[in-house]
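# Chains, contacts and geometry: an overview
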Protein chains: 2
Amino acid sequence: RPTNHRVYGEAMAILAGDGLLTEAFRLLAEEVDSDAGTIIRLVSGLTRAAGSRGMVGGQAIDILYQGNDDKVDAALLETLHRRKTGAMITGALLAGIELGGGGEELRHRLKRFGDAIGLAFQVADDILDETGDQNKLGKDVGSDREAGKLTFVSLYGIDQSRKHLAELHRVARQTLEPLGERGEPLKALADYIVTRDR
Amino acid sequence: RPTNHRVYGEAMAILAGDGLLTEAFRLLAEEVDSDAGTIIRLVSGLTRAAGSRGMVGGQAIDILYQGNDDKVDAALLETLHRRKTGAMITGALLAGIELGGGGEELRHRLKRFGDAIGLAFQVADDILDETGDQNKLGKDVGSDREAGKLTFVSLYGIDQSRKHLAELHRVARQTLEPLGERGEPLKALADYIVTRDR
């Protein structure tokens with residue numbers, strides 16, 4: 001389906017984003033059935049995942065270096081995606097601990113899992129952008145490369161990117177091992193991220 | 001000074017807005033020295049002032065009717081500005097009550113005051129857009145009219161708009177009367193909104 005900004009115009013699409021971002025905080029403050037201290041920690045966690053050191057910060061790096069991909073190295077590319085995609089994924093996992101309970105050990109474990117699948121999501125995205133089916137993707141194959149974006153594929157090549165993806169997948173699954181059956185839904189999520197074709 | 005989007009580009013200016021919106025919630029959750037219940041009410045209040053029924057909603061109406069100013073009547077214009085500017089002004093006043101204390105009567109009073117100065121701010125803005133000093137405004141005189149925006153001036157004319165502004169100013173000051181000296185800072189704010197020339 002065509003994106004929001006194509007159907008409603010850019011100004012309205014931006015406002016929809018501002019409205020939904022604000023609505024997320026309203027839901028936490030008004031609809032979560034938990035004690036006040038927990039709710040405040042959820043608000044705080046979401047601001048850190050979404051804000052200038054998280055998703056917004058990652059997106060800013062992305063824009064700053066667009067068309068300057070010769071100035072991006074592997075470390076910067078990982079930082080970018082850790083913030084742009086990874087921070088919100090990890091933030092969601094940590095919110096789950098906040099609500100469902102769990103100690104420091106589980107927190108570290110899920111943070112590690114989130115970092116791995118967040119990065120895996122982006123590596124898979126970059127591979128799909130080069131090798132995917134245009135009809136399934138809903139965008140032109142190679143569009144990131146043409147926009148002058150540095151991708152994992154442009155940095156490492158397809159084969160090496162696939163190895164990187166497989167390694168991240170392995171780390172993600174291994175991190176969940178001690179959780180036994182309770183970890184199955186998250187394992188399925190990791191599997192989906194690595195095998196998706198759109 | 002030139003606006004954000006001229007200096008840094010539109011994408012970065014939008015991100016700055018998303019980052020600052022998120023940062024406002026972080027400040028409430030992490031930096032306000034108050035009990036957890038109060039902080040949650042502040043978060044909730046800010047989402048209602050800023051979100052789709054407040055500022056974002058007002059801005060959306062503004063965009064929807066841009067270039068269609070023949071479809072805007074006085075009631076819609078007031079709704080637009082009550083949301084776009086008024087909701088955040090009133091929200092700030094109510095946050096003050098939340099933190100500083102005050103009962104239902106004060107809440108209603110400050111809400112009434114906020115509604116009046118929020119609307120006054122916009123009426124003054126529309127008058128300035130037609131009669132102001134281009135150098136002080138930092139934008140071309142008549143730019144709203146040329147953008148096809150319905151303004152109070154285009155709806156009522158300059159003279160009637162000035163009368164409307166004076167009436168809102170009177171209501172705002174009168175609403176503060178029972179507060180005595182404690183109301184002086186807010187009175188000064190109302191005076192500034194009505195007399196500003198930029």
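Conventions and cut-offs
- Residues numbered from 1 in each chain as written.
- Chains lettered and ligands numbered in written order.
- Predicted model: local features only at pLDDT ≥ 70, side-chain atom pairs only at ≥ 80, totals over all residues.
- Heavy atoms only, no water.
- Contact = heavy atoms within 4.5 Å.
- Buried area = accessible area lost by both parts, 1.4 Å probe.
- Salt bridge = Lys/Arg side-chain N within 4 Å of Asp/Glu carboxyl O.
- Helix = DSSP H or I, 4+ residues; strand = E, 2+ residues; numbered from the N terminus.
- Buried < 20%, exposed > 50% of the residue type's maximum accessible area, 1.4 Å probe, protein only.
- Core = buried A, V, L, I, M, F, W, Y, C linked by side-chain atoms within 4.5 Å.
- Least-squares fit on C-alpha atoms with pLDDT ≥ 70 in both.
- 1 Å grid on protein atoms, 1.4 Å probe; cavity = no way out; pocket = protein on both sides within 12 Å on 5 of 7 lines; lining within 4 Å.
- Points joined across faces, edges and corners; volume = space filled by probe spheres on them.
- Nonpolar A, V, L, I, M, F, W, Y, C, P; charged D, E, K, R; others polar.
- Polar contact = N/O pair within 3.5 Å; in protein donor to acceptor, adjacent residues only side chain to side chain.
- Axes fitted to C-alpha atoms, helices over the stretch in contact; angles between N-to-C directions.
- Left-handed = near helix turned anticlockwise from the far one by under 90°.
- Parallel < 35°, antiparallel > 145°, perpendicular 65-115°, else oblique.

## Here we look at the interface of chain B and chain A
- The partner chain A presents 28 residues to the 28 residues of chain B that form the contact.
- For the pair chain B and chain A, the summed buried surface comes to about 2,500 Å²; carbon and sulfur atoms form 78% of the total.
- The largest contributions to the chain B side of the interface with chain A come from Leu 15, Thr 22 and Ile 40 of chain B, which together make up 22% of the buried area.
- Counting the contacts that link chain B with chain A gives two salt bridges.
- Between Glu 30 of chain A and Arg 48 of chain B there is a salt bridge whose closest N-O contact spans 2.6 Å.
- Listed by contribution, the elements that provide at least two residues to the side of chain B that touches chain A are α2 (10-31), α3 (36-50) and α4 (55-65) of chain B.
- Looking at which element gives the most residues to the side of chain B that touches chain A, the answer is α2 of chain B, with 13 residues.

## Notes on the pattern of salt bridges
All names here are of chain B.
- All told, the structure shown has 34 salt bridges over all chains when counted by the stated rule.
- For the salt bridge of Arg 107 with Glu 98, the shortest nitrogen-to-oxygen distance reads 3.9 Å.
- You can call Glu 98 partly exposed: its relative accessible area is 22%.
- Here Asp 115 ties to Lys 111 by a salt bridge, and the two come within 3.7 Å at their closest N and O atoms. Here Asp 115 pairs with Lys 111, and both are found in helix α6 (residues 104-131), just four residues apart, close to one helical turn.

## Describing the nonpolar core
All names here are of chain A.
- Within the largest apolar cluster, 29 residues are counted, with the highest numbers of intra-cluster contacts made by Leu 110 and Phe 113.
- Residue assignment for this core shows that the elements contributing at least two residues are α5 (74-100), α6 (104-131), α9 (152-156), α10 (158-176) and α11 (184-195).
- At 10 residues, α6 tops the list of elements feeding residues into this core.
- Among all residues touching Leu 110, those that are not within four sequence positions of it are Leu 93, Ile 97, Leu 176 and Leu 186.

## A few points about the relation of the copies chain B and chain A
- You can overlay chain B on chain A at an RMSD of 0.0 Å; the transform is a turn of 180° with a shift of 0.0 Å along its axis. What we have between these two chains is a two-fold relation. Taking C-alpha positions as the reference, the residue of chain B nearest the rotation axis is Ala 36 of chain B, at 2.8 Å.
- Interface residue correspondence from chain B to chain A reaches 100%, placing this contact among same-surface, isologous pairings.

## Points about empty space enclosed by the protein
All names here are of chain B.
- In this structure the tally under the stated criterion is one cavity of 30 Å³ or more.
- What the largest cavity holds in volume is close to 60 Å³.
- As for the largest cavity, its lining consists of Asp 62, Tyr 65, Gln 66, Asp 69, Val 72, Leu 77, Leu 80, Gly 148, Lys 149 and Leu 150.
- Going through the elements one at a time, α4 and α5 (74-100) are the ones with two or more residues in the lining of the largest cavity.
- Per-class residue counts for the lining of the largest cavity are five nonpolar, two polar and three charged.

## Thoughts on the side chain of Arg 196 of chain B
All names here are of chain B.
- By the secondary structure assignment, Arg 196 is in the segment after α11 (184-195).
- You can call Arg 196 buried: its relative accessible area is 11%.
- Engagement of the side chain of Arg 196 in a polar contact is seen with the side chain of Asp 125, the distance being 3.0 Å.
- Aside from chain neighbours lying at most four places away, what touches Arg 196 is Phe 121, Ala 124, Asp 125 and Leu 128.

## Here's the deal with the packing of helix α2 (residues 10-31) of chain A against α3 of chain B
- As a packed pair, α2 of chain A and α3 of chain B sit with axes 9 Å apart at the nearest point and diverge in direction by 145°. The two elements α2 of chain A and α3 of chain B cross, and the hand of that crossing is left-handed. For the pair formed by α2 of chain A and α3 of chain B, the contact residues are Thr 22, Phe 25, Arg 26, Ala 29 and Glu 30 of chain A on the first element and Ile 40, Val 43, Ser 44, Thr 47, Arg 48 and Ala 50 of chain B on the second.
- Each residue belonging to the contact of α2 of chain A with α3 of chain B can be placed in one class, and the counts come to five nonpolar, three polar and three charged.

## Some points on the packing of α10 of chain A against α11 of chain A
Residue and element names in this part refer to chain A.
- Interhelical geometry of α10 versus α11 gives an angle of 175° and a closest axis separation of 10 Å. With respect to their mutual orientation, α10 and α11 come out roughly antiparallel. Counting all contacts with α10, which are made through Leu 165, His 169, Ala 172, Arg 173 and Leu 176, the residues of α11 involved are Leu 186, Lys 187, Ala 190, Asp 191 and Val 194.
- Residues that form the contact of α10 with α11 fall into these classes: six nonpolar, one polar and three charged.

Nothing here speaks to function; it is all geometry.
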